[in-house]
Structures are given as C-alpha cells and as structure tokens.
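Observations on the model geometry
Listed below are the residues making up each chain.
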Amino acid sequence: MTVVVAKDAEELAVLGAELLARAIHGAVAARGRASIALSGGTTPLPAYERLAALDLPWERVGWFFVDERAVAPDAPRSNAGAIGKALPAMARGAVARMRGEEPLEAEAARYEAELRSWFGVASAVRFDAMTLGVGDDGHTASLFPGTGDVRLDGRLVAAIPARPERGLEARLTLTRPVLLEAASVVVLARGAGKRGPLEAAWAEGDEDEVPARLLRAARGEVTWLLDEAAAPASS
Ligand code: 6PG
C-alpha cells in the first residue's frame, strides 16, 4: 500500500483528481474505456470537482457508485446527487446509478446484472479505479462494523437494511469481493477523527470489527490519501 499525506485540503483534492485521471487515461489507452466506481461522503467531493476541470476522454468512461442511501437522487443524502453536482461531466460518459428510491433487494440484483453486463458475464468485475472512505467507526463503502456485512461474498451488490438502534439507514453497497478486485483503490480521509480508524484498518484483526481492514487483502494498488490531521504517526 502507498500512503500519501497532503499538506492541506486543496492538495488532497488535487492529488485525488490526479490519481483518478491517471487511471482513466491508462485504462482508455489500454482497453478503450475506463470503469470507475465512486464513493460518496463529504471527503471526495472536492477531488471530483477538480477532476471535472481536467481534459479527459469523458465519452469513454463508465461511472458506477460504491454505495447509495435509500433515497431519491434529488434528496440531500443521495450520493448520486452530490457526486453528479461535483462532477457534471460524468454525464458525457455512461452513468450507472444505484437507484436508492427502489425496493433495495431488487435494486441490488438489478445493479449486479448491470455490472455483469458492463464487464462481460464471463469476466471479473474489475474497476480501473475506485474511491473509498473510512468512517469514524471503521466502516468503508456501506459495510458497517459488527453487522457481518463485510463477509457477504456471494454477490456483488448488497441491500443493507436500516439498523435504527444504531442510527444506520438502509443502503445499497458493493461488496467485499468487488472492492478487493479493483485495479486501483484511492482511500480519501481528512481530519483527526480518522486517525484511530486508519490505524485500526492497517492493523491485522477481525474485519467485522473494522471493515476497512478488508483492504489489507486488496489485489490492486491501494493509495491512502490523507491530510496531516488524519495521518497516523506511523505513516
Ligand atoms: C457514504 C460512504 C461512506 C464514506 C465514509 C466516510 O456514502 O457515506 O461511501 O463509506 O466514504 O462514511 O465519509 P466522509 O468522507 O464523509 O468522512
């Protein structure tokens, strides 16, 4: 794994955009198209805004989502809504939105079929690049600790039920096998609150306790893009 510590929020955004742009150019040069999966949350949005200003082969990019909340795209909690605003140029390519407003189990199956058809039914679902975040509780994508969801491996996309007693809303998420298969994963984290979860994610242990730990088993290149406040002392 690679750890990059940006000096401030602006540099974090610039570097995040550069990593994505590099993956897009490389994939288009090699295979004529790029397959990118984006996470929501607040941290990556400035990187997406930077990416929007770059000269890219937009028509050759297929955009997917790592996870989505069970809301319509115009709702404030919608990842697709927030990402679409930060990166309007994605509409020049193919955008495959997770439909959080649909019944989630059926939508997870539909999105899985969409992934299979994009990548080819006999091929691995291997994104050229994927962004992820880390929650203060150690979650990544919508795989939350203590739920067992990180162990879901029989499917590519899962419907995650709400767990109101823990303040967790219902969501859709790509599963561990898809996260592990990505050629390049860029994890973005900002702020001192992320330092503990990052240390825990890098240490050996139970993935259900700290789902971001699953990245220790990633097949591709994982770049941890952090600001100084988030960076553990060991980095
Ligand atoms: C989401 C995410 C989630 C996020 C982390 C970190 O939809 O919320 O995909 O996994 O990446 O919660 O979020 P922040 O960037 O807001 O800290």
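In this text the structure is predicted, and so the values were computed from the model without any measurement. (Residues numbered from 1 in each chain as written. Predicted model: local features only at pLDDT ≥ 70, side-chain atom pairs only at ≥ 80, totals over all residues. Heavy atoms only, no water.)

**Considerations on the site of the ligand**
Near the ligand, the surroundings consist of 14 residues, among which T43, R69, H139, A141 and K194 are the closest. When the free accessible area of the ligand is taken as 420 Å², the share hidden by the protein chains comes to 88%. Using a 2 Å cut-off from the grid points, one finds that the ligand occupies the largest pocket. Residues belonging to the shell around the ligand are distributed by class as follows: two nonpolar, eight polar and four charged. (Near = heavy atom within 4 Å. Areas by Shrake-Rupley, 256 points an atom, 1.4 Å probe, with all protein chains shown as cover. 1 Å grid on protein atoms, 1.4 Å probe; cavity = no way out; pocket = protein on both sides within 12 Å on 5 of 7 lines; lining within 4 Å. Sits in = over half its atoms within 2 Å of the grid points. Nonpolar A, V, L, I, M, F, W, Y, C, P; charged D, E, K, R; others polar.)

**Quick look at the sheet that holds strand 4 (residues 67-69)**
Reading across from one edge, 4-8-7 is the order of the three strands in this open sheet, with antiparallel pairing throughout. A strand with exactly one partner marks an edge of an open sheet, and here the two such strands are strand 4 and strand 7 (157-160). Between one strand and the next, the sheet's axes are offset by a mean angle of 15°, whatever the strand orientation. When strand 7 meets strand 8 (residues 171-174), the two strands line up antiparallel, connected through four bridges. (Pairing = 2+ DSSP bridges. Helix = DSSP H or I, 4+ residues; strand = E, 2+ residues; numbered from the N terminus. Axes fitted to C-alpha atoms, helices over the stretch in contact; angles between N-to-C directions.)

**So, the sheet that holds strand 10 (residues 221-227)**
With respect to topology, seven strands assemble into an open sheet ordered 1-10-9-6-2-3-5, the strand pairing being parallel. Strands with a single pairing partner mark the edges of an open sheet, and in this sheet they are strand 1 (2-6) and strand 5 (94-95). Note that strand 3 (residues 61-65) and strand 5 share two bridges and pair parallel. Looking at strand 5, one finds that G62 is bridged to A94.

**Let's talk about the pairing of strand 9 (residues 184-189)**
Here strand 9 lies mainly inside the structure; six of its six residues are buried. Of the two faces of strand 9, the one carrying S184, V186 and L188 and the one carrying V185, V187 and A189 are both buried. Across three bridges, the pairing between strand 6 (residues 129-132) and strand 9 is parallel. What sits directly across from L132, in strand 9, is V187. In terms of strand pairing, strand 9 meets strand 10 through six bridges, oriented parallel. Within strand 10, the position partnered with V186 by the bridge is T223. (Buried < 20%, exposed > 50% of the residue type's maximum accessible area, 1.4 Å probe, protein only.)

**Structural notes on empty space enclosed by the protein**
Summed over the entire model, instances satisfying the criterion amount to one cavity of 30 Å³ or more. Here the largest cavity is characterised by a volume of approximately 30 Å³. Forming the walls of the largest cavity are A9, L12, A13, T43, P46, A47, L188 and R190. At the level of elements, helix 1 (9-31) and helix 2 (45-52) are the ones that each hand at least two residues to the lining of the largest cavity. Top contributing element to the lining of the largest cavity by residue count: helix 1, with three residues. Its residues placed into classes, the lining of the largest cavity shows six nonpolar, one polar and one charged. (Points joined across faces, edges and corners; volume = space filled by probe spheres on them.)

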